[in-house]
Amino acid sequence: MTVTPVLLCGGSGTRLWPLSRKSYPKQFVPLVGDETLFQATAKRVSQGRYAAPLVLTNSDFRFIVTEQLAEIGVDPGAILIEPEGRNTGPAVLAAALWLEKSNPDTVMLVSPSDHVIPDSVAFDAAVAIAQDAAADGDIVTFGITPTHAETGYGYLELASQPSGTEAVSLTKFVEKPDAAKAAALVASGKHLWNAGIFLFSVKTIIDAFRKHAPDLMEPVQAAVDEAEADLGFLRLASGPWSKAENISIDYAVMERSSNLSVVPFSAGWSDLGGWDAVWRETGQDDRGVAVSGRATAIDCDNTLLRSEDDRVEVVGIGLNHIVAVAMPDAVLIADSRRAQDVKLAVQSLKDRNAVQAEAFPKDHRPWGWFESLVIGERFQVKRIVVHPGAALSLQSHHHRSEHWIVVEGTAKVTVDETVKLVSENESVYIPLGAVHRMENPGKVPMVLIEVQTGSYLGEDDIIRYDDVYARGQGAKG
């Protein structure tokens, strides 16, 4: 029996601000190593017993998903687009109902796409154990052997001491504890961290939803039945989807089911739920210092220093238990023992309407990305990178004109009825109201500098006449 990975990648990861933000969350960022967390997750379940992955994401991330999968040579089985976030309960049910139509005999491995599991071989062995339990009709979860008394995770209480070679019956779920209770749970030897990774057959999980969360069945089934193909994606129907309860799979099914078992896993795992976790997973020197990018530590202890921009040097002197992360538009400096409080900073920024709270410096689009270099009252300077063979939409603006200077590669530029090639060190002017398009006809990325001038420079000042990515109107479509 094959195992179909179901990869969930719609979260925002605010505890890893400023590197992870709502517009570009942590699963798409290379936090540990050169690959992104999403790519590492997909590669971990891309060979052997695994079928092509089923991915659930949202509209803003759909092209990031396909781009990152293409970079590692993984072809997804299907990508389901959630019209809005309704938590993991409806998402998992939608995946199961979709697979019931296309591959009803498969076993589903449901996994977040933002976890670190360095030992893929050990993880695959755990999946094999879980697969045996799932064949008997169990709903299987994966429990992580605790390495310390963690208050940021939920726990799984086992019916007996785990042997490590077979699934163990689950007694109950334990909510995130305080420090004293966490220490007691770890000392008991019968509690594991809840990794939020599950394995079950399509039939078993659909039956569980019918029994324990019947109100989800009708709206989610309708959202799947009425889904529409959109390029290479499948958009779940927004009307019925909006009627589905916003609920996690833990509350909807897991905590109400009796056919639960746990496969212990002790070969290394982290959900990277905060900068303290990133520090633990990053190579440290003998004083517990981890640096990344253009960062320098002098006489520091137990400290994480990261620069995420080649133009920014981060220097720490005499620091202890400090996290410092520098981005082009924001800097975080925090006591590493208060890493979970980063989400409070994000909320404070949102309350002040600071754009840095949710928007990433690089705005990723299906054709590439851009970043603002200078913003004035009536002008803006951007760097734009267009992938080989990619094209922006045919568009016009009501409030701004644009001047494009190609600095790398060659651009194919349309301005009203004129189409021409613009090479390095050449430029072209786009008058206000002109219908225009930029394409990269080459085989290497094309880079240009765009200077905008006008009374309004917002991304929503755009009218699309034609778009190969079918984004519709609006800033991103």
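In what follows, the structure referred to is the one given above.
We now turn to the structure provided with this report. (Residues numbered from 1 in each chain as written. Predicted model: local features only at pLDDT ≥ 70, side-chain atom pairs only at ≥ 80, totals over all residues. Heavy atoms only, no water.)

Helices and strands together make up the secondary structure of the protein chain, namely 11 helices and 28 strands. Taking 477 residues into account, the globule formula puts the C-alpha radius of gyration at 23 Å, and the protein chain, at 24 Å, falls close to it. Projected onto the principal axes, the alpha-carbon positions of the protein chain cover approximately 75 × 60 × 40 Å. Across the 477 residues of the protein chain, 52% fall into the buried class. Across the protein chain, contacts joining residues at least 24 apart in sequence account for 68% of those joining residues at least 6 apart. (Helix = DSSP H or I, 4+ residues; strand = E, 2+ residues; numbered from the N terminus. Rg over C-alpha atoms; globule rule 2.2 N^0.38 Å. Buried < 20%, exposed > 50% of the residue type's maximum accessible area, 1.4 Å probe, protein only. Contact = heavy atoms within 4.5 Å.)

Looking at where glutamate 157 falls in the secondary structure, it is placed in strand S6 (residues 155–158). Lacking a salt bridge, the buried glutamate 157 has lysine 172 as its closest oppositely charged neighbour, with an N-O distance of 4.1 Å. Separated by 3.2 Å, the side chains of glutamate 157 and histidine 191 make a polar contact. Apart from residues no more than four positions distant in its own chain, glutamate 157 is found in contact with Leu170, Thr171, Lys172, Val174, Lys190 and His191. (Lys, Arg positive; Asp, Glu negative; His and termini not counted. Salt bridge = Lys/Arg side-chain N within 4 Å of Asp/Glu carboxyl O. Polar contact = N/O pair within 3.5 Å; in protein donor to acceptor, adjacent residues only side chain to side chain.)

In this chain, tryptophan 17 is followed by proline 18 through a cis amide linkage whose omega measures 10 degrees. Despite not being glycine, histidine 321 has its phi angle at roughly 55 degrees, a positive value. Mapped onto the elements, histidine 321 comes out in the loop between strand S15 (314–317) and strand S16 (322–326).

Next up on the list: the sheet that holds strand S19 (residues 368–375). With respect to topology, six strands assemble into an open sheet ordered S18-S19-S20-S27-S22-S25, the strand pairing being antiparallel. The two strands at the open ends of the sheet, each matched to only one other strand, are strand S18 (362–365) and strand S25 (427–430). Strand after strand, the sheet turns through a mean of 20 degrees between neighbouring axes, direction not considered. Examined bridge by bridge, strand S22 (residues 400–408) and strand S27 (residues 446–454) share eight bridges and lie antiparallel to one another. For isoleucine 405, the partnering residue across the bridge sits in S27 and is isoleucine 449. (Pairing = 2+ DSSP bridges. Axes fitted to C-alpha atoms, helices over the stretch in contact; angles between N-to-C directions.)

Here we come to helix H11 (residues 342–351). Buried within H11 are the following residues: Val342, Val346 and Leu349. Along H11, the residues classed as buried sweep out an arc of 60 degrees about the axis, all on the same side. Residues of H11 that are exposed and angled more than 90 degrees away from the buried face: Leu344 and Asp351. Considering only its buried residues, H11 is in contact with helix H10 (275–281) and strand S17 (331–335). (Arc of directions from axis to C-beta.)

Before going further, it helps to examine the pattern of salt bridges. Going through the model one piece at a time under the given rule, you end up with 25 salt bridges. What emerges from the salt-bridge pattern is a single network uniting Asp363, Arg365, Lys382 and Glu459.

What follows concerns the packing of helix H1 (residues 37–44) against helix H2 (residues 62–71). The description of two helices packed together rests on the angle between their axes and the distance between the axes. Axis separation between H1 and H2 bottoms out at 10 Å; the angle between their running directions is 55 degrees. Our classification of the angle between H1 and H2 gives oblique. As for the relative orientation of H1 and H2, their crossing is right-handed in sense. Taking contact as the criterion, the partners of Phe38, Gln39 and Ala42 in H1 are, on H2, Val65, Gln68, Leu69 and Glu71. (Parallel < 35°, antiparallel > 145°, perpendicular 65-115°, else oblique. Left-handed = near helix turned anticlockwise from the far one by under 90°.)

So, about the packing of helix H3 (residues 88–102) against helix H7 (residues 214–225). Their axes nearest at 9 Å, the elements H3 and H7 cross at an angle of 55 degrees. Taken as axis vectors, H3 and H7 run oblique relative to one another. By crossing handedness, the relation of H3 to H7 is classed as right-handed. On the side of H3, the interface is formed by Pro90, Leu93, Ala94, Leu97, Trp98 and Lys101, while H7 contributes Leu216, Met217, Val220, Gln221, Val224 and Asp225.

Bringing the pairing of strand S1 (residues 3–8) into the picture now. With respect to burial, S1 is a largely interior element, six of its six residues being buried. Taking every second residue as pointing to the same face, both faces of S1 are buried, with Val3, Pro5 and Leu7 on one and Thr4, Val6 and Leu8 on the other. Sheet topology note: the S1/strand S4 (residues 107–112) ladder contains six bridges and is parallel. What sits directly across from leucine 8, in S4, is proline 112. By the bridge criterion, three bridges tie S1 to strand S2 (residues 54–58) in an arrangement that is parallel. In the strand pairing of S2, leucine 8 is matched with leucine 56. You can see the chain leave S1, run along H1 and come back into S2, and the turn it takes is right-handed. (Right-handed = clockwise from strand over helix to strand, strands pointing away.)

Turning our attention to the sheet that holds strand S14 (residues 303–307). The mixed open sheet is built from four strands, whose spatial order is S12-S14-S16-S17. Edge positions in the open sheet fall to strand S12 (289–292) and S17, since each of these has one partner strand only. Each neighbouring strand pair of the sheet contributes to a mean axis angle of 5 degrees, computed without reference to strand direction. Two strands pair when backbone bridges link them, and S12 and S14 are joined in this way by four bridges, in the parallel orientation. When the bridges of S14 are listed, serine 292 appears paired with arginine 306.

Moving on, we get to a nonpolar patch on the surface. A cluster of nonpolar side chains, contributed by Ile298, Val315 and Ile317, occupies part of the molecular surface with about 290 Å² of accessible area. Its location among the elements puts valine 315 in strand S15. (Patch = residues over 30% accessible without salt bridge, like charges linked within 9 Å, V, L, I, M, F, W, Y side chains within 5 Å. Areas by Shrake-Rupley, 256 points an atom, 1.4 Å probe, with all protein chains shown as cover.)

Next up on the list: the pairing of S6. A regular strand carries its side chains on alternate faces of the sheet. Burial along S6 is two-sided: Tyr155 and Glu157 facing one way and Leu156 and Leu158 facing the other are all buried. Pairing of S6 with strand S7 (residues 168–174) involves four bridges; the strand directions are antiparallel. By the bridge assignment, leucine 156 is partnered in S7 with phenylalanine 173. Across three bridges, S6 lies against strand S8 (residues 191–201) in antiparallel orientation. Following the sheet pairing, leucine 156 is matched in S8 by leucine 192.

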